[in-house]
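# Analysis of the macromolecular model
Listed below are the residues making up each chain.
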Amino acid sequence: MTAPPVRASIDPRQSFPELEQTVAERWAARDVFQRSMEQREGAKPWVFWEGPPTANGRPGVHHILGRVFKDVFPRFQTMRGHHVERRGGWDCHGLPVEIAVEKQLGLSSKHDIENIVPGDVRASIERFNAACRESVFAYIGDWDRLTRRVGMWIDLERAYRTMDASYVSSIWSALKTMDEKGLLYQGNKVVPFCTRCGTALSSHEVAQGYEDIKDTSAYVRFPVVAEALPLSSPLRKGDSLVVWTTTPWTLWANVAAAVGPDVEYVRVSTPDRDGERRVVVAARELVEHAFGEDAEVLGDGFPGSALEGTVYEAPFVAAGRTDAGYGAVIAADFVSTDSGTGVVHLAPAFGQDDFVAVADAAAKRRFPAGTAAAKFDARDPATLLNPVRDDGTYDETVTDVAPQYADRFVKDLDLDLVTELADRGLLQRKQRYEHSYPHCWRCGTPLIYYARPSWYLATETVRDGLLAANDTVTWHPPHIKEGRFGEWLRGNVDWAISRSRYWGTPLPIWQSTTVQEGEDLPRRIVVGSLEELAERSGVTLEDPHRPFVDDVTFQEDGLTFERIPEVLDVWFDSGAMPFAQDAAPQDPEGLEHYEAHRIADYVCEGLDQTRGFFYSLIAESVLLRDEAPYKNVLCLGLILDENGQKMSKSKGNVVDPFEALDRFGADALRWYFFTSKQPWEGYRYSDEAVRDGVRLFLLPLWNTASFYAQYAAIAADAVPAATPDTEAPAGEETELDRWIVSRMEATTAVATEALDAYDVTTAGRAIGAFVDELSNWYVRRSRRRFWDGDPVALGTLREALVRVATLLAPLAPFVSDELYVQLGGTHDSVHLADWPAVDPARRDEALEADMATARETVRLGLAARAASGLNVRQPLRKAVVVATGDERAAIERLTGVITDELNVKALEFVAEADELGRVALKPNLRSLGPRFGKAMGTVRAAIEGLDGTRVAAALREGEPVVVQIDGAEHELTADDLLMSLETPDGYQLEREGQHAVALDLEVDDALRAEGLARAVLRQVQVARQDAGFEVTDRIELRLGGDAGALDAVRAHEDHLLGEVLAASVAYEGATGTPVQVDGRDVVVQVTRV
RNA sequence: GGGCGAUUAGCUCAGUCGGUUAGAGCGCUUCUCUGAUAAGGAAGAGGUCCCUGGUUCGAAUCCAGGAUCGCCCA
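Figured I'd write up the structure that's included with this text. What you are looking at is a predicted structure, and each value in this text was computed from that prediction instead of being measured. (Residues numbered from 1 in each chain as written. Chains lettered and ligands numbered in written order. Predicted model: local features only at pLDDT ≥ 70, side-chain atom pairs only at ≥ 80, totals over all residues. Heavy atoms only, no water.)

## Thoughts on the overall build of chain A
Looking only at helices and strands, chain A has 38 helices and 39 strands in total. At 41 Å, chain A has a C-alpha radius of gyration far larger than the 31 Å of a compact globule built from 1089 residues. Judged by the C-alpha coordinates and their principal axes, chain A covers about 120 × 85 × 50 Å. Of all 1089 residues assigned to chain A, the portion counted as buried reaches 54%. (Helix = DSSP H or I, 4+ residues; strand = E, 2+ residues; numbered from the N terminus. Rg over C-alpha atoms; globule rule 2.2 N^0.38 Å. Buried < 20%, exposed > 50% of the residue type's maximum accessible area, 1.4 Å probe, protein only.)

Below, the structure written as structure tokens:
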């Protein structure tokens, strides 16, 4: 038998934040992170990708969540034997950075930015981007500190940066490949646009600028062109369509009207503003809403589809419009009958729905020839009717015919336009309309939706590929796959990748300045790398950003090529990280590495990244190579404060992550995030919840180890020898030893399976439950063996603690490592150890079940104790246990555990419950339900009418039990019945279901004396502790006071002396303050010898 | 307006295949044990399982509709 190797004491009052500091220093000194990867060199890679955070803002508690979930599985998989590279990364570009710099420099528009150096756009952009470059890493110090402090192991020195030239070059290569596949094109996109700032706004910016305003809305008549009506048309000469619009200024761009194909329409005779009756067309269910009760429906209704192809006269016709102002009707599913007239005015330049509907109808050739809409091509900006300049005023195509509208913001012209419509007899009604409308969050100007030329990736054409790729991905939680993400992919539209901004990856598209003869459009060249650009132009760029890249031009085929001004959507940057972090394909070594690691086993980000990182990864992967980029994706939810409020500076409820870390330690926060709930559900963060984790898990674990170290050190005067982590202690094992070992193996199995399935919550909870069993049952019930230095108990406890440390290593890397090292683990760090294999031979599920029964028996016994008023210190002669079959066997097997815990001399069994009370019968619905179905009610009554005690006896004798149900006889087995005890009169017992425990409450003189002696013993122990003695100190004892108490002690003197490590006891001469022992005064005096 | 998710004790959360008296931890009250623990044990109080309808012998669980909250999108 080898003694456990620990001599050092484990400080029971450990500060975890301080401990973590020590552990971190040890990791650095022993180079543990590097070695943990190096020792797996050549093993199967397990690929993790860091979705790059932006370091231009201060990290918050929610970033701890991300950091630790990105850390736990790589640590686990490393222990499992995989080679897990972990490379950090930083997102450098994009609007968040630009906005921070705008604030810092006091700028509020693109105009401002381009005039930092007045009149010199190029120099201004240079200054602006230089400021962005500096701002990108404003908080990188905090980020690095946070990352290390929470124990996230990731290579920050080699972190990729999306603004590096090599990264940009990789992106260029990807775009070139996509262009070669015909997936890159220029088109239009309707965006929320601020005409004052001259910029499009992101949805996030739009969301913060909604205000309630009152607009003038108008019901406008579109007279149909009678000559063009098909014979089958339900319409007549003189009829008009009526549309309702809240933006009359967009009528100048009207090219079509939409109706619902399945909506019922009617012709209506109704007076207009001037009282003249007009025949108009509207959806039947909106007639009263739109025209009031005077409206008279003419004839039968007809479906919207019957109106398709109807040609009408648009109300305003801009100069140069080749169609003479004819619009046409299409059917579209988005037309609703919630408001308006059921006929919707379409201006593709000013509405995304309009744009898509018209583009779609045009592509399907559903517009009559000669209408403007018929020529519309989403990919050709020249075919779009847009008479508004980007400063928000009408251009000359309007002002040539209507000079009164010049130089005014179009949105301010609504009233003038409505007046003109009225003058021309086209206004059916007007109406003030109050609604929520977006404004620029910077300057307050109402936004307009506005078509802008934009570059696209044709992701819609690879939609099937995206869905097929998604099909191979395992999502956590699973509903994301078909739900949020699947829906997003199914509704996928082409990815608009260009931004008219400054600080971003420049789009590598060079266009010819002139159009070659015989061609419609300028030529374009997509440049695939910085090297290629150097070859074409002779210019080698050190910094690929604007404005330097804008300077580069080159000549080819007699044409001059200049770069387009736009930069790339930052999300493309992040989606390019699988290859761009390796500088692939241009760097041969990087390319090789990328090829071997091109599919991630695991990525983990916030739930909001379904439209961000998760999407950009899969889109680029499918566009480039038609495969899924990742196998497992874990989504994280939001962190709210303890009241469920979003954390925000204005509310003052933001939790400082460093403060929380300093107070509780990283492992405490990690434990909270891992075990309190599934991470995608979101958290209500509270200090209290984190503190509970420390109090109920970390401290009990730590103190169990401390307890072990204390007694192991005492026992180590025997033979210290290193025990391998996995070697079971030899010698006489008790049932408790075998039980805790079995539980240990079971816990290992659960943790392994859960972590393999990316479920750290289940793993953590299982480990937590095991520590509770270890501390509150195994140790509690084995204390005497530890006091005695039992090597088997010590060895078993050590093995269990080492196992806990190992299982806990990925979750709580600091505490687990400190425990492991203190317990004398065989490696320099638990993080260099292998994940433990489950040993099925050491599982004993029957024993686990038996122990559960025994604990239940104890629970009932203790309840009986409490009810009886006799405290546990008073020994009792016996406990009478009611149990049968397996339960009885279990209790007999573990009698010692139960008698010790209940402090009774013996357990006695009554053979059957009916000897202690009457048996009540209930039907077992689970077995009878399927058998009797609807007759269950009768069956229940029949069973409850039986004499339970006799039935129990009959079943015991193997006799059949028969019930009469509707005249038929049915035989019941023991499984069909649930038997429980009813408390008999004059008996005190605790029962639950089929168990019961009764205590023999008779206390004779001997038992009373023993109880008294124990009470004195307890006071001696208190005196020892008060005197500050070590648990190994020997003492001399003097007792005085109550004679009865002293007599009781004399009767149990040997026992007492052994328990309190007293060499001798004297019953006189004791000095000191008397203490109360069961109502008697006793004087206790202890002296160290 | 659309999609997705959530709703169980004062709080944080479990709840398996539809099954019997819906559980745990924290907190609270009372009692208790203690050679490790900030711990442990016992009892008590605390529930419209969001609501309504349906399916079923039986619904926290399945279905439909609705409410509230959150996220994403429009």
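## Observations regarding the packing of helix 27 (residues 760–787) against helix 32 (residues 895–902)
One can describe the packing of helix 27 onto helix 32 by two numbers: an axis separation of 11 Å at closest approach and a directional angle of 85 degrees. Viewed along their axes, helix 27 and helix 32 adopt a mutual orientation that is roughly perpendicular. Contacts between helix 27 and helix 32 involve Trp777, Arg780 and Arg781 from the former and Val897, Asp900 and Glu901 from the latter. (Axes fitted to C-alpha atoms, helices over the stretch in contact; angles between N-to-C directions. Parallel < 35°, antiparallel > 145°, perpendicular 65-115°, else oblique. Contact = heavy atoms within 4.5 Å.)

## A closer look at the sheet that holds strand 36 (residues 1035–1041)
Pairing is mixed in the open sheet, where 4 strands are placed in the order 37-36-39-38. With one partner strand each, in any of the chains shown, strand 37 (1062–1066) and strand 38 (1075–1077) form the two edges of the open sheet. If you compare each strand with its neighbour and ignore which way they point, the axes differ by 35 degrees on average. The pairing of strand 36 with strand 39 (residues 1080–1088) spans 7 bridges and is classified as antiparallel. The partner of Glu1036 across the bridge, within strand 39, is Thr1087. Together, strand 36 and strand 39 form the strand contacts of helix 37 (residues 1043–1051), whose direction differs from that of strand 36 by roughly 145 degrees. Strand contacts of helix 38 (residues 1053–1060): strand 36 and strand 37, with the helix running at about 130 degrees to strand 37, the strand carrying the most contacts. (Pairing = 2+ DSSP bridges.)

## So, the protein's contact with RNA strand B
Not every one of the 46 residues close to RNA strand B is listed here, only the nearest: Arg484, Lys677, Arg684, Leu978 and Arg1018. Backbone atoms, meaning sugar and phosphate, make up 61% of the atoms of RNA strand B lying within 4 Å of the protein. Arg695 is positioned such that a nitrogen or oxygen atom in its side chain is 2.8 Å from a phosphate oxygen of RNA strand B. For the surface near RNA strand B, the elements supplying multiple residues, two or more each, are helix 16 (484–490), helix 25 (687–715), helix 27, helix 30 (845–868), strand 30 (918–923), helix 33 (925–932) and helix 36 (1005–1026). In terms of residue count, the dominant contributor to the surface near RNA strand B is helix 25 (8 residues). Class assignment of the residues belonging to the surface near RNA strand B gives a composition of 16 nonpolar, 12 polar and 18 charged. (Near = heavy atom within 4 Å. Polar contact = N/O pair within 3.5 Å; in protein donor to acceptor, adjacent residues only side chain to side chain. Nonpolar A, V, L, I, M, F, W, Y, C, P; charged D, E, K, R; others polar.)

## Things to note about the packing of aromatic side chains
With the rule as written, the count across this model stands at 40 aromatic pairs. Ring centres of Phe350 and Tyr450 lie 6.2 Å apart, and the angle between their planes is 35 degrees; on these two criteria the pair is classed as tilted. Taken together, the positions of Phe350 in the loop between strand 13 (343–346) and helix 11 (352–363) and Tyr450 in strand 15 (residues 448–457) put the pair 100 residues apart, joining distant regions of the chain. Pair check on accessibility: Phe350 and Tyr450 agree, each one buried. Between the aromatic rings of Trp488 and Tyr615, the centroid separation amounts to 5.4 Å while the plane-to-plane angle is 80 degrees, which identifies the pairing as edge-to-face. Of this pair, Trp488 sits in helix 16 while Tyr615 sits in helix 22 (residues 613–625), and the two are 127 residues apart along the sequence. Each residue in the set Trp46, Phe48, Phe73, Tyr602 and Tyr758 is aromatic and connected to the rest through ring pairs, giving one cluster. The ring of Trp153 has Arg75 lying over it, and the distance from NZ or CZ to the ring centre is 3.9 Å. (Phe/Tyr/Trp six-rings, centres within 6.5 Å; stacked < 30°, edge-to-face > 60°. Lys NZ or Arg CZ within 6 Å of the ring centre and 35° of its normal.)

## Brief notes about empty space enclosed by the protein
Enumeration according to the criterion identifies 4 cavities of 30 Å³ or more in this entry. In this structure, the largest cavity occupies an estimated 120 Å³ of space. Trp46, Val47, Phe48, Trp49, Glu50, Glu85, Arg86, Arg87, Met577, Gln581, His593 and His597 are the residues that line the largest cavity. The residue makeup of the lining of the largest cavity, split by class, is 5 nonpolar, 3 polar and 4 charged. (1 Å grid on protein atoms, 1.4 Å probe; cavity = no way out; pocket = protein on both sides within 12 Å on 5 of 7 lines; lining within 4 Å. Points joined across faces, edges and corners; volume = space filled by probe spheres on them.)

## Comments concerning the pattern of salt bridges
Tallying each qualifying case throughout the model produces 70 salt bridges. With a closest N to O distance of 3.1 Å, Arg161 and Asp164 form a salt bridge. Residue classification places Arg161 among the partly exposed residues on the basis of a relative accessible area of 30%. For Arg563, the salt bridge is made with Asp550, and the minimal N-O distance between the two is 3.0 Å. (Salt bridge = Lys/Arg side-chain N within 4 Å of Asp/Glu carboxyl O.)

## Considering the layout of surface pockets
Here the second largest pocket defines a volume of roughly 2,000 Å³. Lining of the second largest pocket is provided by 47 residues; of these, Arg783, Arg784, Trp787, Gln1021 and Glu1059 occupy positions nearest its centre. The set of elements that each furnish at least two residues to the lining of the second largest pocket consists of helix 25, helix 27, helix 32, helix 36 and helix 38. With 9 residues, helix 36 is the largest single contributor of residues to the lining of the second largest pocket. In terms of residue class, the lining of the second largest pocket is made up of 17 nonpolar, 14 polar and 16 charged.

## Details of the nonpolar core
Core analysis: the biggest nonpolar cluster contains 138 residues, and Phe69, Phe73, Phe673, Tyr685 and Tyr778 have the highest contact counts within it. In terms of residue count, helix 25 provides more of this core than any other element does, 12 residues in total. Those residues within four positions of Phe73 in sequence are excluded, and the remaining contacts are Trp46, Tyr602, Leu634, Leu755, Tyr758, Asp759 and Val760. (Core = buried A, V, L, I, M, F, W, Y, C linked by side-chain atoms within 4.5 Å.)

## Considerations on the sheet that holds strand 19 (residues 509–512)
To summarise the sheet geometry, strands pair through backbone hydrogen bonds and adopt either a parallel or an antiparallel arrangement. Strand order in the open sheet formed by 4 strands is 20-19-22-21, with antiparallel pairing between adjacent strands. Looking at which strands have only one partner, the edges of the open sheet turn out to be strand 20 (524–526) and strand 21 (554–556). Between one strand axis and the next, the sheet turns through 30 degrees on average, direction left out of account. Both strand 21 and strand 22 (residues 559–563) contribute to a ladder of 3 bridges, which runs antiparallel. For Phe554, the partnering residue across the bridge sits in strand 22 and is Phe561.

## Focus on the side chain of Thr806
In this structure, Thr806 sits in helix 28 (residues 791–808). The buried category is assigned to Thr806, whose relative accessible area is 6%. The contact partners of Thr806, leaving out residues within four places of it in the chain, are Met79, Tyr820, Val830, Asp834, Trp835 and Pro836.

## As for helix 17 (residues 530–537)
Of all the positions in helix 17, only Leu530, Glu532, Leu533, Ala534 and Ser537 are classed as buried. Immediately beyond the C-terminal end of helix 17, within one or two residues, lies Gly538, with a positive phi of roughly 80 degrees.

## Re the packing of helix 30 against helix 32
At a minimum axis distance of 10 Å, the contact between helix 30 and helix 32 shows a crossing angle of 25 degrees. Relative to helix 32, the element helix 30 is oriented roughly parallel. Judged by the sense of rotation from one axis to the other, the crossing of helix 30 with helix 32 is right-handed. Facing Ala854, Thr857, Val858, Gly861, Leu862 and Arg865 of helix 30, the residues of helix 32 in contact are Ile898, Glu901 and Leu902. Grouping the amino acids of the contact of helix 30 with helix 32 by side-chain chemistry returns 5 nonpolar, 2 polar and 2 charged. (Left-handed = near helix turned anticlockwise from the far one by under 90°.)

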